[in-house]
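# Structural description and commentary
This is what each chain is made of:
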Amino acid sequence: MNIPIVECRRPVLYVRTNNKSDSISKAVISTQGWDIKEVDGLQEARNSIGSQKYSVGLIQLVSVEPEQLRAVEALLTDHRTIEWVIITSTECLQQRTFCKLIRETCHDYYTLPLSDVDYMRLLSTLGHAHGMASLCLDDLEQGYDDYEMVGSSPPMLKLFGSIRKVASVDAPVLIYGESGTGKELIARAVHERSARAEMPFIAVNCGAIPESLIQSELFGYEKGAFTGANTQKCGQIEAAAGGTLFLDEIGDLPFDMQVNLLRFLQEKVIQRLGGNTEIPVDVRVVAATNVDLDAAVKCGRFREDLLYRLNVLQLQPPPLREREGDTQLMAKFFFDRFVSDGQAKLKGFSQASLQVMERYTWPGNVRELINRIRRAIVMCDGRLIKPDDLDLQSCSADDARPVISLEEAREKAEKEAVISAIRYCHNNMTQTAKVLGVSRVTLYRIIEKYQLSVS
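Described below are features of the structure shown in this document. (Residues numbered from 1 in each chain as written. Predicted model: local features only at pLDDT ≥ 70, side-chain atom pairs only at ≥ 80, totals over all residues. Heavy atoms only, no water.)

### Here we look at the pattern of salt bridges
Tallying each qualifying case throughout the model produces 19 salt bridges. Residues R272 and E222 are paired through a salt bridge, measuring 3.1 Å at the closest nitrogen-oxygen approach. With R272 in the loop between β11 (269-270) and β12 (279-280) and E222 in the loop between β8 (220-221) and β9 (233-234), this pair connects stretches of sequence that are 50 residues apart. An identical accessibility class is assigned to R272 and E222; each is buried. (Salt bridge = Lys/Arg side-chain N within 4 Å of Asp/Glu carboxyl O. Helix = DSSP H or I, 4+ residues; strand = E, 2+ residues; numbered from the N terminus. Buried < 20%, exposed > 50% of the residue type's maximum accessible area, 1.4 Å probe, protein only.)

Here is the structure:
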C-alpha cells in the first residue's frame, strides 16, 4: 500500500472487544508512525488509559449487545478528551442506538473488513483526530495556559503564530478586537512567552476606573497629596516594573490623562501624584480596545501621537463568527471543563444544539459561548443539551447564518445563472446556450431539471 509516512510517533489505543480474527492490521498502523497499544476488553482499556495518556482510541465492535453498548458508551463519555474511532460491522450499523452513539460520541467510524483504501483513509482520520485531541489544555501548546485560548481555524492559527513573534520582542503592543474575543488572554500569552515572564503582569481596565481616580491609580501618590492620602501608594505602572502593564479599553482613557501616559512611554519615568521626583520604570505596555482609535483620533477623542506610541505591534483576535469549525470544538471543550456543575447523567450536546451553535453569529464571542454553555449545563434536565437549554431557539433570523450543503449551493448558482442568461438573451435559447458555454441539449436539460419557464 502506498501510504504516506507519518513523521512522529503518536499514541493510539486499540480496544478489541470481539473476535480476534476480525482484527485490523496493527502493522500497517504502527509502521506508519503510530504507537499502537492493543488491549482486550473495556476494562483493560480503562486500566491502560489510567496508566498512559492517549489522544486517539480505536474500538472494534463486531457485534453489539445492549449491556455491552452501555459499557462502551460509559467508556467514551468518561474519556471525552480522547478522540474515538469505531471499527465495526455492517450488521452493527443497522442498530439505531449504536448509530446514535457513534454520532454523539465518536470522531469517525469504519466497517470491516478494511481495504487498502480504507487503511489510507483511516491513517488520515487518525492524524486529524490526534490534532483535534491535541487542542485540549494539557496537550495544546497554543492553549497559552488559559482554557479560552482554544482553536484550530486558520485565523486562530495565524493569531497563535503572531503571538509568538510579538512575544519575542519588547515593543508596545496594541490589541484590536470585539468584546469577548479574549484580548486580556492574548496579553497574558504575550507576557508569559516574553523575557519578562517571571516579572509581574498588571491589568488595568481604563473604562472601569472613575476619571477622578485614574491618575492616582496609574501613577500612585505621595503621602499628603490629597485629603485621605495618609500613606504613600505605588501606582499600577510602578507595580508592573520589570514586567508587563496591560491597559484594557485604552480608548476610554480620559483625554487629559493621555498626555501623562504619552510622557511615560517616551521618557520611561513617572511622577507620583503630589511628588516631584522622577521614578524610572522599565515596563512593557500592552493595550487593548474594541474602539476604532483611528476614528477616535479624527474625532479628537484620542491623541494621534499616543496612538503611534502604542501601535508599534498589533494583534487582532478574530470574532467567533469568522472562526469556522471552532464553535463546536470549544463547546465540547468548555462542556468537559464545567460538566461537573450539572447533573451526573449529562453526556453532551444534541446534534441540533451543535448545528444551531454553528449557525449563530455570537455577538458576545467566546465570552457569550462560555456563559451559555455554563447556564445550559446547570439548567439541562436531560442527557443531552438542547437548543432550548442554550436559549438559542429564540434567536432572531438575523442572528443565524443559513447553512446549506455544497450540492445545494451549486444547484442554486446553476439555476440563477441560467435564469439570468435567459433574460439577458430575451428567451433566445441558442444565444443563451452560447452565453453559458453549454450545448442546447444541456441547456434544455437544466431548464427541465429546475422546471424553469421560458415563455
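### A short note on the layout of surface pockets
Quantified by volume, the second largest pocket comes out at close to 420 Å³. Along the wall of the second largest pocket there are 24 residues; nearest its centre are G182, K183, E184, L185 and R367. Counting only elements with at least two residues in the lining of the second largest pocket, the list comes to α6 (154-167), α7 (183-192) and α15 (365-379). Looking at the lining of the second largest pocket element by element, the count peaks at five residues for α7. Class assignment of the residues belonging to the lining of the second largest pocket gives a composition of ten nonpolar, five polar and nine charged. (1 Å grid on protein atoms, 1.4 Å probe; cavity = no way out; pocket = protein on both sides within 12 Å on 5 of 7 lines; lining within 4 Å. Points joined across faces, edges and corners; volume = space filled by probe spheres on them. Nonpolar A, V, L, I, M, F, W, Y, C, P; charged D, E, K, R; others polar.)

### Regarding the nonpolar core
Counting residues in each nonpolar core, the largest one holds 33 residues, and the members touching the most others are L218, I237, L245, L247, I250, F264 and F302. Of all elements in the fold, only β6 (173-176), β7 (201-205), α8 (214-219), β10 (244-248), α10 (255-267), β13 (284-289), α11 (293-298) and α12 (304-310) reach the threshold of two or more residues within this core. With five residues, α10 is the single largest residue contributor to this core. If near-sequence neighbours (up to four positions away) are discounted, L218 is found in contact with V204, G235, Q236, I237, L247, L253 and M257. (Core = buried A, V, L, I, M, F, W, Y, C linked by side-chain atoms within 4.5 Å. Contact = heavy atoms within 4.5 Å.)

### With respect to α10
Between the first and last C-alpha of α10 there are 19 Å, a value that for 13 residues agrees with the 18 Å anticipated at 1.5 Å per step. Here α10 has its buried residues at M257, Q258, L261, L262, F264 and L265. The buried side chains of α10 occupy one side of the element, clustering within an arc of 160 degrees when seen end-on. Here the buried face of α10 lies against α8, α9 (236-239), β10, β11, β13 and α12. Among the residues trailing α10, K268 stands out with phi positive, at a value near 60 degrees. (Expected span 1.5 Å × (residues − 1). Arc of directions from axis to C-beta.)

### As for the sheet that holds β10
The sheet built from five strands is open, its strands ordered β7-β10-β13-β6-β14 with parallel pairing. Edge positions in the sheet fall to β7 and β14 (313-315), since each has one partner strand and no second. Going from strand to strand, the sheet's axes swing by 20 degrees on average, the running direction of each strand aside. The pairing of β6 with β14 spans three bridges and is parallel. Within β14, the residue paired with L174 across the bridge is Q314. α6 rests against β6, β13 and β14 of the sheet, and its axis sits at about 155 degrees to β14. (Pairing = 2+ DSSP bridges. Axes fitted to C-alpha atoms, helices over the stretch in contact; angles between N-to-C directions.)

### Here we look at helix α13 (residues 326-338)
The first and last C-alpha atoms of α13 sit 18 Å apart over 13 residues, in line with the 18 Å expected at 1.5 Å per residue. Buried within α13 are the following residues: D326, T327, L329, M330, A331, F333, F334, F335 and F338.

### A word on the pairing of β10
With five of its five residues buried, β10 lies for the most part within the structure. Burial of β10 is two-sided: the residues T244, F246 and D248 facing one way and the residues L245 and L247 facing the other way are all buried. In terms of strand pairing, β7 meets β10 through five bridges, oriented parallel. Bridge pairing links A203 to F246 in β10. Where β10 meets β13, four bridges bridge the pair, whose relative direction is parallel. Opposite T244, over in β13, you have R284 as the bridge partner.

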